[in-house]
Amino acid sequence: MNVLWIMADQLRWDYLSCYGAKHIETPNLDRLAAKGVRFDRAYVQSPICGPSRMSFYTGRYVRSHGATWNGFPLRVGEPTLCDQLRDIGVTSTLVGKTHMRPDEEGMKRLGIDPESTIGALVSECGFEVFVRDDGTNAATDKNRCGEDYERYLRAHGMDGDTPWEEWANTAIGPDGQKKSGWYLENAPLPARVPKEHSETAWLTTRGIEFMEAQGDSPWLCHLSYIKPHWPYMAPAPYNDMYSKHDLPPVNRRVDEHTHPLMQSWSQTRICKSFAREGVRDVVAPVYMGLIKELDDNMGRLFGYLETSGRMKDTMVVFCSDHGDNMGDHWLGEKDLFYDCSARIPLIVYDPRAEADSTRGTSCDKLVEGIDLAPTFHQLMGGEAKPHVMEGRSLQPILHGQDAPWRDHCISEYDYSTRDARADFDIGESDARLVMVFDGRWKYVHVELMRPLLFDLETDPDEVHDLGDSPAHQDQIARLRELHFAWARQHHSRITRSPEMVERMAAGKEPPGIYIAYWDREDGEAHGVDAPPHLDS
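First things first, this report covers the structure right here in the doc. Since we're looking at a predicted model, the values are computed, not measured.

We now examine the nonpolar core. Generally speaking, a soluble globular protein has its nonpolar side chains buried in company with each other. Judged by nonpolar contacts, the single largest core of 64 residues is most densely connected at Leu4, Ile6, Met298, Leu301, Phe302, Val316 and Phe318. With 14 residues, helix 12 (residues 279–308) is the largest single contributor of residues to this core. Once you skip the residues sitting within four places of it in the chain, Phe318 turns out to touch Ile6, Ala8, Leu11, Leu16, Leu29, Leu32, Leu294, Met298, Pro345, Leu346 and Ile347. Judged by nonpolar contacts, the second largest core, of 40 residues, contains Phe39, Phe56, Met100 and Val317.

In structure tokens, the structure reads:
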């Protein structure tokens, strides 16, 4: 078996027609959902690119792997899915984005040459790199990873000092002047790059090229797109395929934010921009166009899988790393735990006959991003490693089996680098949030402040914060205890499996060690032989 793991960046779950969206049609992803299982309540471990992806790639919670924000390196020695698969003979290859930053200090301390084979793997979450493209490749970004795409653009006559910036992120305005995609007002203009050479089209082609080159050995391909993540600039015809009249109503309420942190957050530049009259009307239609472009390329990708026969031996998974607030709740960008940001689309197609009974179904169990790593590991024949990968394999659900499942999910957010922290003089180590969601009640622990609480049964739009409601203190206490119980779990004891711990417990002391026996008779009474150097 093989795995094609497709990830979109910053894609909302409710902007796909297979999830009930009426304002946009995504027939190719709908077709995938008809072949597999659509997970309706999937949540990421952090609603921001870097830490979310590190959780996907390790199968571990953010507090466990420690890469809590964009640009925070995944520490050397942190086991990844790719490491687990390599141990059982499966190669994991990257085509696209990871947002990974290598632990250069850790490699230096351990004497690992970044240019060596092991250094290269450690620097890329264990992936072998076919193509690395993290998008947003501004000329001033020291961590830009767009050289492959820029070589491609140059080869097709799109030159310049920074071809990504000058073609994928630049348009020509009505006045004939270049307009930057960094400015939201330019979103409706078509990017200079033709659609057949956009990043989405290029990554699709590269993913197909990778699969075409594979033989019979099992593989995992992480085809990771950088859209519909900002800059919100699309090639024609996707730039003006939709208008403000196609948008769903914005989800927000006057005086919605009663929590001090949220009041501060809503005053940040990004949020104030998206709260301005007319901004969402300009940007969201282009966001939809980028999604439509992605879906069109999914048609091309799935067509290849079908004609090549790969649909018979390849698990296909589609998800995103988080959503996009897009003006909902008076917020812009991603961040925080509203469903528009922390909830994601997740579609899993399993080609095995055991999955036939669940094709075209949906699942409302609480699923976490970390569940994919153990799912892939089990598919490839690996033995379960619950002490390392904290997620749960989805295989029982895919195969229609009854199995115990979680009754709540966890997501975390480190806002130590965000503007709102400064308003409260909060130390960087205390600028953290944790969501506990049990399917109805969404509780957000806010260190040093009161929590937030939403009842999604009576308030599915999440516009009424009950965190200071006296009538809901029992729910707050219950959810606080769930958070505390989760925090008390082992998160770092990864060098001994549960089975090994049980053997150690059954074996008592290590062989040859005799502790606290009064004499030989006492030892023999407890089934312990005398030390071998003594006469029997």
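Back to the text.
With that out of the way, let us pick up helix 14 (residues 372–379). Burial analysis of helix 14 places seven of its eight residues in the buried class, which makes it a mostly covered element. All buried positions along helix 14 are accounted for by Leu372, Ala373, Pro374, Thr375, Phe376, His377 and Leu379. In the stretch just after helix 14, Gly381 is the one whose phi turns positive, near 95°.

Strand order in the open sheet made by the four strands is 12-13-14-15, with antiparallel pairing throughout. Two strands bound the open sheet, and with one partner strand each, they are strand 12 (409–414) and strand 15 (452–455). The sheet shows a mean angle of 15° between the axes of neighbouring strands, taken without regard to direction. Pairing analysis gives four bridges linking strand 14 (residues 441–446) to strand 15, with the strands arranged antiparallel. Pairing of Val444 across the sheet is with Leu452, part of strand 15. The strands touched by helix 16 (residues 473–488) within the sheet are strand 12, strand 13 (432–437), strand 14 and strand 15, with strand 14 carrying the most contacts at an inclination of about 65°.

Glycine aside, a negative phi is what most residues show, and trans is what most peptide bonds show. In the segment running from Trp230 into Pro231, the intervening peptide bond is cis, with an omega of 0°. Within the element layout of this structure, Pro231 appears in the loop between strand 7 (219–228) and helix 10 (260–265). Even without a glycine there, the phi angle at Cys125 is positive, about 60°. As for its position among the elements, Cys125 is in the loop between helix 6 (117–123) and strand 4 (128–132). Residue Cys125 is classed as buried on the basis of its relative accessible area of 2%.

This part is about the environment of Ile291. Tracing the backbone shows Ile291 in helix 12. Using a relative accessible area of 2% as the deciding quantity, one classes Ile291 as buried. Residues Ile291 and Phe274, spaced 17 residues apart in sequence, show a C-alpha to C-alpha distance of 19 Å. Apart from residues lying up to four places away in sequence, Ile291 is in contact with Leu11, Tyr15, Leu16, Ile24, Thr26 and Pro228.

Conventions adopted
- Along each chain, numbering runs from 1 in the same order as the chain's sequence is written.
- Local features in this predicted model are restricted to residues of pLDDT 70 or higher, and side-chain atom pairs are both shown and tallied only at a pLDDT of 80 or more, whereas totals for entire chains, interfaces and linings draw on every residue.
- Side-chain figures throughout are based on the complete set of non-hydrogen atoms in the structure, without hydrogens or water.
- Remark: nonpolar core denotes a set of buried residues (Ala, Val, Leu, Ile, Met, Phe, Trp, Tyr, Cys) joined through side-chain atoms within 4.5 Å.
- The cut-offs for exposure are 20% and 50% of the maximum accessible area for each residue type, with area from a 1.4 Å probe on protein chains only; residues under the lower value are buried, those over the upper are exposed, and the others partly exposed.
- Secondary structure elements are defined from DSSP: runs of H or I of at least 4 residues count as helices, runs of E of at least 2 residues count as strands, and each element is numbered from the N terminus.
- Contact between two residues is taken to exist if any of their heavy atoms lie within 4.5 Å; hydrogens are not considered.
- A pair of strands counts as paired when DSSP detects no fewer than two bridges linking them.
- Geometry is summarised by axes, namely lines fitted to C-alpha atoms with helices restricted to the contacting stretch, and by angles between N-to-C directions that run from 0 to 180 degrees.

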